[in-house]
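# Results of the structural survey
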Amino acid sequence: MLPCIESTPNGEHIAAAERIDPDNAFGRRRGGGFEAAGDPTFFWPNGSTLRVFFLDGEQSLRERVMAAAGAWTEHANLRFRVVDSADAEIRVTFQGAENSSALGVTALDQRDYAPGAPTMILAEVPWATPGRVDRLARHEFGHAIGLVHEHSSPAAGIRWNKPVVYQALAGPPNYWKPEVVDSNVFHRYAAGATQFTSFDPDSVMIYGFPPSWTLDGLTYPENSELSAMDKKFARRIYP
Ligand SMILES: [Zn+2]
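Residues numbered from 1 in each chain as written. Predicted model: local features only at pLDDT ≥ 70, side-chain atom pairs only at ≥ 80, totals over all residues. Heavy atoms only, no water.

Going by what an unreviewed UniProt entry lists, the protein is known as Peptidase metallopeptidase domain-containing protein and is assigned to Actinoplanes digitatis.

In C-alpha coordinates, the structure reads:
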(Lines give C-alpha, C1' and ligand atoms only; values in the text may rest on other atoms or scores of the structure.)
Protein backbone atom coordinates (compact mmCIF):
# COMPACT_ATOMS: atom_id res chain seq x y z
CA MET A 1 0.00 0.00 0.00
CA LEU A 2 1.19 3.47 -0.67
CA PRO A 3 0.94 5.57 2.44
CA CYS A 4 -0.08 9.19 2.18
CA ILE A 5 0.45 11.57 4.98
CA GLU A 6 -1.84 13.91 6.74
CA SER A 7 -0.04 16.79 8.35
CA THR A 8 -1.15 19.90 10.14
CA PRO A 9 -0.19 23.29 8.71
CA ASN A 10 2.61 23.81 11.19
CA GLY A 11 3.96 20.40 10.44
CA GLU A 12 4.84 19.68 14.03
CA HIS A 13 2.22 17.08 14.42
CA ILE A 14 1.84 14.74 11.55
CA ALA A 15 -1.25 13.14 12.77
CA ALA A 16 -1.49 9.95 10.86
CA ALA A 17 -0.53 8.23 7.74
CA GLU A 18 -2.87 7.34 5.00
CA ARG A 19 -2.35 5.04 2.18
CA ILE A 20 -3.49 4.38 -1.28
CA ASP A 21 -2.54 1.37 -3.22
CA PRO A 22 0.73 1.83 -5.09
CA ASP A 23 0.24 -1.02 -7.46
CA ASN A 24 -3.21 0.03 -8.37
CA ALA A 25 -2.44 3.69 -8.29
CA PHE A 26 0.76 3.57 -10.23
CA GLY A 27 1.96 0.15 -11.22
CA ARG A 28 -1.19 -0.90 -12.96
CA ARG A 29 -1.92 2.39 -14.57
CA ARG A 30 -2.76 1.75 -18.14
CA GLY A 31 -0.97 4.73 -19.55
CA GLY A 32 -3.72 6.78 -18.06
CA GLY A 33 -3.46 10.18 -16.60
CA PHE A 34 -4.65 11.48 -13.40
CA GLU A 35 -7.36 14.06 -12.83
CA ALA A 36 -8.42 18.51 -9.37
CA ALA A 37 -6.52 15.44 -10.17
CA GLY A 38 -7.80 11.97 -10.84
CA ASP A 39 -7.33 9.05 -13.15
CA PRO A 40 -10.43 7.96 -15.05
CA THR A 41 -9.21 4.39 -14.66
CA PHE A 42 -10.21 4.58 -11.02
CA PHE A 43 -13.55 6.35 -11.31
CA TRP A 44 -16.79 4.61 -10.55
CA PRO A 45 -19.42 4.48 -13.27
CA ASN A 46 -21.19 7.79 -13.38
CA GLY A 47 -24.40 7.76 -11.35
CA SER A 48 -23.25 4.92 -9.08
CA THR A 49 -24.68 4.36 -5.65
CA LEU A 50 -21.75 3.39 -3.44
CA ARG A 51 -22.67 1.43 -0.39
CA VAL A 52 -20.83 2.32 2.81
CA PHE A 53 -20.41 -0.17 5.62
CA PHE A 54 -18.94 0.73 9.00
CA LEU A 55 -17.11 -2.13 10.63
CA ASP A 56 -17.07 -0.36 13.98
CA GLY A 57 -17.55 3.04 15.57
CA GLU A 58 -20.26 4.86 17.42
CA GLN A 59 -23.36 5.83 15.52
CA SER A 60 -22.65 9.51 16.15
CA LEU A 61 -19.21 9.16 14.61
CA ARG A 62 -20.60 7.44 11.58
CA GLU A 63 -23.12 10.19 11.11
CA ARG A 64 -20.47 12.89 11.37
CA VAL A 65 -18.36 11.16 8.76
CA MET A 66 -21.24 10.72 6.35
CA ALA A 67 -22.41 14.30 6.85
CA ALA A 68 -18.94 15.50 5.88
CA ALA A 69 -18.49 13.06 3.02
CA GLY A 70 -21.82 14.17 1.59
CA ALA A 71 -20.13 17.36 0.44
CA TRP A 72 -18.91 15.33 -2.54
CA THR A 73 -22.28 13.91 -3.54
CA GLU A 74 -23.77 17.40 -3.54
CA HIS A 75 -21.69 17.90 -6.68
CA ALA A 76 -20.72 14.49 -8.04
CA ASN A 77 -23.37 12.30 -9.62
CA LEU A 78 -22.82 9.59 -7.02
CA ARG A 79 -24.64 8.49 -3.91
CA PHE A 80 -23.32 7.15 -0.64
CA ARG A 81 -25.73 4.76 1.05
CA VAL A 82 -24.93 3.39 4.49
CA VAL A 83 -25.76 -0.31 4.69
CA ASP A 84 -25.49 -3.12 7.21
CA SER A 85 -23.89 -5.46 4.77
CA ALA A 86 -20.14 -6.09 4.58
CA ASP A 87 -20.26 -6.51 0.80
CA ALA A 88 -20.40 -2.72 0.48
CA GLU A 89 -18.03 -1.00 -1.93
CA ILE A 90 -16.64 1.27 0.81
CA ARG A 91 -15.87 -0.37 4.15
CA VAL A 92 -14.80 1.94 6.95
CA THR A 93 -13.03 1.25 10.20
CA PHE A 94 -11.99 3.68 12.91
CA GLN A 95 -9.39 1.25 14.20
CA GLY A 96 -5.80 1.40 13.02
CA ALA A 97 -2.83 3.68 12.96
CA GLU A 98 -3.55 5.81 9.93
CA ASN A 99 -6.05 7.59 7.79
CA SER A 100 -6.24 5.98 4.40
CA SER A 101 -8.47 4.88 1.58
CA ALA A 102 -8.53 2.71 -1.47
CA LEU A 103 -8.40 4.77 -4.62
CA GLY A 104 -11.75 4.59 -6.42
CA VAL A 105 -12.63 1.23 -7.95
CA THR A 106 -9.44 -0.37 -6.64
CA ALA A 107 -11.60 -1.04 -3.57
CA LEU A 108 -13.10 -3.89 -5.59
CA ASP A 109 -9.76 -5.61 -6.13
CA GLN A 110 -9.79 -8.55 -3.76
CA ARG A 111 -6.04 -9.00 -4.14
CA ASP A 112 -5.68 -5.81 -2.15
CA TYR A 113 -8.90 -5.69 -0.16
CA ALA A 114 -10.16 -9.01 1.06
CA PRO A 115 -13.94 -9.38 1.16
CA GLY A 116 -15.26 -7.65 4.24
CA ALA A 117 -11.92 -6.03 5.08
CA PRO A 118 -11.73 -2.25 5.40
CA THR A 119 -11.11 -0.13 2.32
CA MET A 120 -10.91 3.02 4.40
CA ILE A 121 -9.28 3.66 7.76
CA LEU A 122 -10.20 6.77 9.74
CA ALA A 123 -8.13 6.10 12.83
CA GLU A 124 -7.90 9.70 13.92
CA VAL A 125 -11.57 10.54 13.63
CA PRO A 126 -12.71 9.37 17.10
CA TRP A 127 -10.53 11.95 18.82
CA ALA A 128 -10.33 14.63 16.15
CA THR A 129 -11.86 18.09 16.34
CA PRO A 130 -14.97 18.67 14.22
CA GLY A 131 -13.01 20.58 11.57
CA ARG A 132 -10.47 17.81 11.40
CA VAL A 133 -13.22 15.20 11.08
CA ASP A 134 -14.57 17.14 8.11
CA ARG A 135 -11.13 17.28 6.61
CA LEU A 136 -10.35 13.60 7.10
CA ALA A 137 -13.72 12.36 5.89
CA ARG A 138 -13.74 14.58 2.80
CA HIS A 139 -10.13 13.84 1.94
CA GLU A 140 -10.48 10.08 2.29
CA PHE A 141 -13.84 9.94 0.55
CA GLY A 142 -12.19 12.01 -2.18
CA HIS A 143 -9.75 9.13 -2.64
CA ALA A 144 -12.65 6.71 -2.48
CA ILE A 145 -14.28 8.38 -5.49
CA GLY A 146 -10.98 8.28 -7.37
CA LEU A 147 -9.27 11.57 -6.63
CA VAL A 148 -5.54 11.75 -6.00
CA HIS A 149 -3.49 14.26 -4.09
CA GLU A 150 -3.55 17.78 -5.42
CA HIS A 151 0.16 18.19 -4.79
CA SER A 152 0.63 15.27 -7.19
CA SER A 153 -1.27 17.05 -9.93
CA PRO A 154 0.65 17.58 -13.14
CA ALA A 155 -0.15 21.24 -12.57
CA ALA A 156 1.56 21.37 -9.18
CA GLY A 157 4.99 22.95 -9.15
CA ILE A 158 5.95 22.67 -5.53
CA ARG A 159 9.70 23.01 -4.98
CA TRP A 160 10.19 20.57 -2.13
CA ASN A 161 13.10 20.83 0.27
CA LYS A 162 13.59 17.12 -0.02
CA PRO A 163 16.11 16.48 2.79
CA VAL A 164 13.81 18.24 5.25
CA VAL A 165 10.77 16.32 4.10
CA TYR A 166 12.57 12.99 4.18
CA GLN A 167 13.75 13.67 7.70
CA ALA A 168 10.37 14.87 8.94
CA LEU A 169 8.57 11.82 7.64
CA ALA A 170 11.20 9.32 8.71
CA GLY A 171 10.13 9.98 12.31
CA PRO A 172 6.97 9.16 14.23
CA PRO A 173 4.23 8.49 13.52
CA ASN A 174 4.92 7.85 9.85
CA TYR A 175 8.35 6.19 9.81
CA TRP A 176 8.44 6.42 6.07
CA LYS A 177 11.29 5.17 3.98
CA PRO A 178 12.56 7.57 1.32
CA GLU A 179 10.85 5.66 -1.45
CA VAL A 180 7.53 6.07 0.29
CA VAL A 181 8.09 9.79 0.56
CA ASP A 182 9.01 9.82 -3.11
CA SER A 183 5.79 8.18 -4.22
CA ASN A 184 3.54 9.89 -1.74
CA VAL A 185 4.84 13.42 -1.61
CA PHE A 186 7.17 14.14 -4.50
CA HIS A 187 5.55 12.08 -7.21
CA ARG A 188 3.64 13.98 -9.87
CA TYR A 189 1.43 12.41 -12.43
CA ALA A 190 2.11 12.82 -16.11
CA ALA A 191 -0.04 15.38 -17.85
CA GLY A 192 -0.83 13.25 -20.86
CA ALA A 193 -3.21 10.77 -19.38
CA THR A 194 -4.42 12.79 -16.40
CA GLN A 195 -7.52 14.86 -16.02
CA PHE A 196 -6.68 17.80 -13.86
CA THR A 197 -7.49 21.40 -13.14
CA SER A 198 -4.97 24.15 -12.71
CA PHE A 199 -3.15 23.68 -9.43
CA ASP A 200 -5.56 24.31 -6.58
CA PRO A 201 -3.99 25.05 -3.20
CA ASP A 202 -7.49 25.27 -1.69
CA SER A 203 -8.29 21.67 -2.55
CA VAL A 204 -9.28 19.33 0.23
CA MET A 205 -7.02 16.84 -1.56
CA ILE A 206 -3.77 18.67 -0.83
CA TYR A 207 -1.60 17.99 2.19
CA GLY A 208 -0.95 20.82 4.54
CA PHE A 209 2.75 21.31 5.08
CA PRO A 210 5.04 23.81 6.79
CA PRO A 211 7.21 26.36 4.97
CA SER A 212 10.36 24.46 5.92
CA TRP A 213 9.31 21.75 3.50
CA THR A 214 9.74 23.95 0.44
CA LEU A 215 12.80 25.68 -0.97
CA ASP A 216 10.93 28.96 -1.34
CA GLY A 217 9.11 28.85 1.99
CA LEU A 218 5.81 28.20 0.30
CA THR A 219 3.25 26.70 2.62
CA TYR A 220 -0.34 25.61 2.35
CA PRO A 221 -2.88 25.22 5.09
CA GLU A 222 -4.81 22.06 5.46
CA ASN A 223 -8.25 22.48 3.97
CA SER A 224 -11.39 20.97 5.40
CA GLU A 225 -13.92 22.34 2.91
CA LEU A 226 -14.22 21.39 -0.73
CA SER A 227 -12.77 24.19 -2.81
CA ALA A 228 -14.64 25.75 -5.71
CA MET A 229 -12.42 23.75 -8.02
CA ASP A 230 -13.00 20.53 -6.09
CA LYS A 231 -16.74 20.99 -6.61
CA LYS A 232 -16.35 21.85 -10.26
CA PHE A 233 -14.08 18.89 -10.79
CA ALA A 234 -16.49 16.53 -9.06
CA ARG A 235 -19.24 17.71 -11.39
CA ARG A 236 -17.00 17.28 -14.39
CA ILE A 237 -15.90 13.74 -13.67
CA TYR A 238 -19.33 12.63 -12.44
CA PRO A 239 -21.66 14.82 -14.47
ZN1 LIG B 1 -4.63 11.44 0.86
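### Here we look at the pairing of strand S4 (residues 79–82)
Pairing of strand S3 (residues 49–54) with S4, which is carried by four bridges, proceeds in the parallel orientation. Across the sheet, Val52 pairs through a bridge with Val82, a residue of S4. Taking the sense of rotation as the criterion, the β-α-β connection linking S3, helix H2 (residues 59–73) and S4 turns out right-handed. (Pairing = 2+ DSSP bridges. Helix = DSSP H or I, 4+ residues; strand = E, 2+ residues; numbered from the N terminus. Right-handed = clockwise from strand over helix to strand, strands pointing away.)

### Re the side chain of Glu89
Within the element layout of this structure, Glu89 appears in the loop between S4 and strand S5 (90–93). A relative accessible area of 15% means that Glu89 is categorised as buried. Only 2.7 Å separates the side chain of Glu89 from the backbone nitrogen of Arg51, close enough to count as a polar contact. In this structure Glu89 touches Trp44, Thr49, Leu50, Arg51, Ala107, Leu108 and Thr119, once residues within four positions along its chain are discounted. (Buried < 20%, exposed > 50% of the residue type's maximum accessible area, 1.4 Å probe, protein only. Polar contact = N/O pair within 3.5 Å; in protein donor to acceptor, adjacent residues only side chain to side chain. Contact = heavy atoms within 4.5 Å.)

### What to know about helix H5 (residues 178–186)
When we look at burial in H5, the residues that qualify are Val180, Val181, Asn184, Val185 and Phe186. An end-on view of H5 places all buried positions within 160° of arc, on one side of the element. (Arc of directions from axis to C-beta.)

### Brief notes about the packing of helix H4 (residues 162–170) against H5
Running from amino to carboxyl end, H4 crosses H5 at an angle of 115°, the nearest separation of the two axes being 10 Å. Between H4 and H5, the angle falls in the class roughly perpendicular. Where H4 crosses over H5, the handedness of that crossing is right-handed. On the side of H4, the interface is formed by Lys162, Val165, Tyr166 and Leu169, while H5 contributes Pro178, Val181, Asp182, Val185 and Phe186. Considering only residue class, the contact of H4 with H5 consists of seven nonpolar, no polar and two charged. (Axes fitted to C-alpha atoms, helices over the stretch in contact; angles between N-to-C directions. Parallel < 35°, antiparallel > 145°, perpendicular 65-115°, else oblique. Left-handed = near helix turned anticlockwise from the far one by under 90°. Nonpolar A, V, L, I, M, F, W, Y, C, P; charged D, E, K, R; others polar.)

### A closer look at the pairing of S3
The sheet contact formed by S3 and S5 spans three bridges and is parallel. In the strand pairing of S5, Phe53 is matched with Arg91.

### Remarks on the sheet that holds strand S6 (residues 99–101)
Paired through their backbone hydrogen bonds, the strands of a sheet run either parallel or antiparallel. Strand order in this open sheet of five strands is S4-S3-S5-S7-S6, and the pairing throughout is mixed. The sheet is open, and its two edges are formed by S4 and S6, each paired on a single side. Shown here is a sheet whose adjacent strand axes are inclined to one another by a mean of 25°, direction ignored. Both S5 and strand S7 (residues 120–122) contribute to a ladder of two bridges, which runs parallel. Bridging from a neighbouring strand, Thr93 pairs with Ile121 of S7. Relative to the sheet, H2 contacts S3, S4 and S7, its axis offset from that of S4 by approximately 165°. Relative to S6, helix H3 (residues 130–144) is tilted by about 25°, and along the sheet it contacts S3, S4, S5, S6 and S7.

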